[in-house]
Amino acid sequence: MIHAINGSELRRLLLAAGSAIELNKEHINELNVFPVPDGDTGTNMSMTFNAAVPELQKLPSPTASKVADTMASSLLRGARGNSGVILSLLFRGMSKTMKGAEECDGALFAKSLTAGVEAAYKAVMKPAEGTILTVSRLAAASASDFARKNKNFEAVLEKAVKAAEKALAETVNQNPTLKKAGVVDAGGKGWLTILDAMLRALRGEEFVPVTVSKMPVKEQADFSEFESGEITFAFDTVFIVRKQNADIDLSPLRSYLNNIGDCLVIGEDDEAFKVHVHTNIPGDALSEAQKYGTLELAKIENMRLQADALAEGRTAISTDDLEKIEEELEAENTDAAEEAAPEKRYGIVSVCAGDGLASVFTELGADGIISGGQTMNPSTQDILTAIRKTPAEIVFVFPNNKNIIMAAEQTVELTEKKVIVIPSKTIPQGITALLNFDPDAEPEDNTAAMLDAMGNVDTMQITYAARDSDFDGHDIHAGDYLALFGSALYGTDKDVSVLLRGLAEKAKEAGRSCITIFYGEDLSEEEAQLAQKIFEEVCPKADIATIQGGQPVYYYLISAE
């Protein structure tokens, strides 16, 4: 067995690993489901790893230290996606451990694996089991235990491969998302592919796609099991920033990004840092990061659209389809909108979609209307612009959608005006809250009154099912009408009148006496009148009104108080 390898041999093993991950990337792609179907793990890992290939090939008679350092530096800048950033961190740890080393034996290699794992765990805000972190950690632990007795490089690498194989097979049982899809972790499979290819190259064996023996899992993920509505943060955001100085503290940035998103990973070296985060406000993430240096490159992808495409069997659109990212992202100029001078004490800004709904909010006193809602969430910048244009000292903001509340809350610190966000999750909640607004009351009293009013309104909605699924005990078929009562699924049917009557019964049971039906852009007035007739039959004592809302996606938005 080979006791130690020099820099040239280490380079050869890594180049072989790069080829292996490239050959195996499509199979890894088919496993990708965690944390959401937000991209191609195999492609991301392959492009990340192979970003170092040209730089490795340029090295003349390299030492182990130089090879590891080149890998770490190249991977940081070439890292794509969450798995790519973690991969770069694993090699960052190796680089630090091998600093100054001419060659690498089993003990040094095991130590470098452990250092890489520590770097990766440190960078991930919320480490989860059943991921590439788990596979790399257990592989490093096994290698380290063995290296205490045997410092042979080949033997230590073999132990790491066997431990990674065993750990990967267990990932399907460690994470609910993987278990639901019936697959092992894609990132973990990628790490096993790299280690296995290094071992095969060391032994002079031909690389074959990695398999995991006795693994009762699917060969690819079933994306029809996933709903894009389950994705809390829509935009997969990756960017590189060149540091102002080598010793800059990124802790405040970590905290900020973790507050506006999830799946955060930050990798860094002395010259730059790379961020991967899922967020609904990618522009804000980029703007905040630029306080620490100069933005070099950025990639932003809509995971909800990607998830829908995958669930329907289509190819998800990705920036990876581009040959390369060529243009630097310009920072959003948050000072672009001039602050309107206060002409009154209170102002109102509301989010809604549809001319009819916009007219309702305007008639209730809204100064600014931001077009948006379900499937088209406005950014913090959009909301901030509307606030700044409002000629008032205090501006109340009504998001009217649970996915817009956080973006609205970010504006509080971005303007000299006092901003109060009323956390309305639906259009009916927003309208009811605004009906209880008193221009003569103090801000605190207004806020309390509107929050209290929102608790007394039921929101009912009817839309359509975009695809077949089995959700919350309901067998849903594409094209069926789909009804929601509050935030829960009420039911589905091919006949919308069945759902309307059921919702009317719910309103009657709750003793609601004031019902307003807002009908969408795809319905005629005659169809809306039939809906009103159903509610009048079921709730004869209630005051019922029908208004043309003009909203997209939802045929009916119904408010019951």
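Residues numbered from 1 in each chain as written. Predicted model: local features only at pLDDT ≥ 70, side-chain atom pairs only at ≥ 80, totals over all residues. Heavy atoms only, no water.

Draft legend 1. Quick look at the environment of Asn24. Within the fold, Asn24 resides in the loop between α1 (7-23) and α2 (25-31). Residue Asn24 is classed as buried on the basis of its relative accessible area, which comes to 3%. Once the C-alpha coordinates of Asn24 and Thr43 are considered, the two residues, 19 residues apart in sequence, prove to be 9.4 Å apart. (Helix = DSSP H or I, 4+ residues; strand = E, 2+ residues; numbered from the N terminus. Buried < 20%, exposed > 50% of the residue type's maximum accessible area, 1.4 Å probe, protein only.)

Draft legend 2. Region of the structure containing the sheet that holds strand β7 (residues 344-352). Pairing within the open sheet is parallel, and its four strands lie in the order β8-β7-β9-β10. Looking at which strands have only one partner, the edges of the open sheet turn out to be β8 (368-371) and β10 (418-421). Neighbour-to-neighbour, the strand axes of the sheet open up by a mean angle of 20°, direction not taken into account. Pairing of strand β9 (residues 392-398) with β10 involves four bridges; the strand directions are parallel. Each residue of the ladder has a partner; that of Val397, found in β10, is Val421. (Pairing = 2+ DSSP bridges. Axes fitted to C-alpha atoms, helices over the stretch in contact; angles between N-to-C directions.)

Draft legend 3. Geometry of a negative patch on the surface. Negative charge collects at one region of the surface, where Asp438, Asp440, Glu444 and Asp445 lie side by side. Take Asp440: it is sitting in the loop between α18 (427-435) and α19 (443-454). Overall, the relative accessible area of 69% leaves Asp440 in the exposed class. (Patch = residues over 30% accessible without salt bridge, like charges linked within 9 Å, V, L, I, M, F, W, Y side chains within 5 Å. Areas by Shrake-Rupley, 256 points an atom, 1.4 Å probe, with all protein chains shown as cover. Salt bridge = Lys/Arg side-chain N within 4 Å of Asp/Glu carboxyl O. Lys, Arg positive; Asp, Glu negative; His and termini not counted. Charge placed at Lys NZ, Arg CZ, Asp CG, Glu CD.)

Draft legend 4. Quick look at the pairing of strand β4 (residues 261-268). In this sheet, strand β5 (residues 272-279) lies alongside β4 in antiparallel orientation, the contact comprising six bridges. Within β5, the position partnered with Asp262 by the bridge is His278. The turn linking β4 back onto β5 is made up of three residues.

Draft legend 5. Representation of empty space enclosed by the protein. Throughout the structure, instances matching the rule amount to two cavities of 30 Å³ or more. Taken as a whole, the largest cavity spans an internal volume of roughly 50 Å³. Those elements that provide at least two residues to the lining of the largest cavity are α1 and α6 (81-97). Residue composition of the lining of the largest cavity, grouped by class: eight nonpolar, no polar and no charged. The calculated volume of the second largest cavity comes to roughly 40 Å³. Around the second largest cavity, the lining residues are Ala72, Ser73, Leu76, Ser88, Leu89, Arg92, Gly267, Glu268 and Asp269. Those elements that place two or more of their residues in the lining of the second largest cavity are α5 (64-78), α6 and β4. Looking at the lining of the second largest cavity residue by residue, the classes come out as three nonpolar, three polar and three charged. (1 Å grid on protein atoms, 1.4 Å probe; cavity = no way out; pocket = protein on both sides within 12 Å on 5 of 7 lines; lining within 4 Å. Points joined across faces, edges and corners; volume = space filled by probe spheres on them. Nonpolar A, V, L, I, M, F, W, Y, C, P; charged D, E, K, R; others polar.)

Draft legend 6. Spotlight on the packing of aromatic side chains. Evaluation of the coordinates by the stated rule reveals eight aromatic pairs. Look at Tyr346 and Phe396: their rings are 5.6 Å apart centre to centre, the planes differ by 50°, and that puts the pair in the tilted class. A residue pair is termed long-range when its members are at least 10 positions apart, and Tyr346 in strand β7 and Phe396 in strand β9 qualify at 50 residues. What links up through ring pairs into an aromatic cluster is the set Phe49, Phe91 and Trp191. The lysine or arginine in question, Lys506, covers the ring of Phe485, its NZ or CZ lying 4.8 Å from the ring centre. (Phe/Tyr/Trp six-rings, centres within 6.5 Å; stacked < 30°, edge-to-face > 60°. Lys NZ or Arg CZ within 6 Å of the ring centre and 35° of its normal.)

Draft legend 7. How the structure looks around the side chain of Ser144. Mapped onto the secondary structure, Ser144 falls in helix α8 (residues 132-147). Ser144 gets classed as buried once you look at its relative accessible area, which sits at 17%. Polar side-chain contacts of Ser144 include one of 2.9 Å to the side chain of Thr114. (Polar contact = N/O pair within 3.5 Å; in protein donor to acceptor, adjacent residues only side chain to side chain.)

Draft legend 8. Region of the structure containing the packing of α8 against helix α11 (residues 186-203). In the contact formed by α8 and α11, the axes pass within 7 Å of each other and the chain directions differ by 35°. Where α8 crosses over α11, the handedness of that crossing is right-handed. Across from Ile132, Val135, Ser136 and Ala139 in α8, the residues of α11 making contact are Gly187, Gly188, Trp191 and Leu195. (Left-handed = near helix turned anticlockwise from the far one by under 90°. Contact = heavy atoms within 4.5 Å.)

Draft legend 9. Main features of the pairing of β7. With seven of its nine residues buried, β7 lies for the most part within the structure. Alignment of β7 against β9, held across six bridges, turns out to be parallel. Bridge pairing in β9 places Ser350 opposite Phe398. When β7 meets β8, the two strands line up parallel, connected through four bridges.

Draft legend 10. Representation of the environment of Ile534. Topologically, Ile534 is positioned in helix α21 (residues 525-538). Measuring from C-alpha to C-alpha, the distance between Ile534 and Leu500 comes to 7.1 Å, with 34 residues separating the pair along the chain. Excluding residues that lie within four positions of it along the chain, Ile534 makes contacts with Ser497, Leu500 and Arg501.

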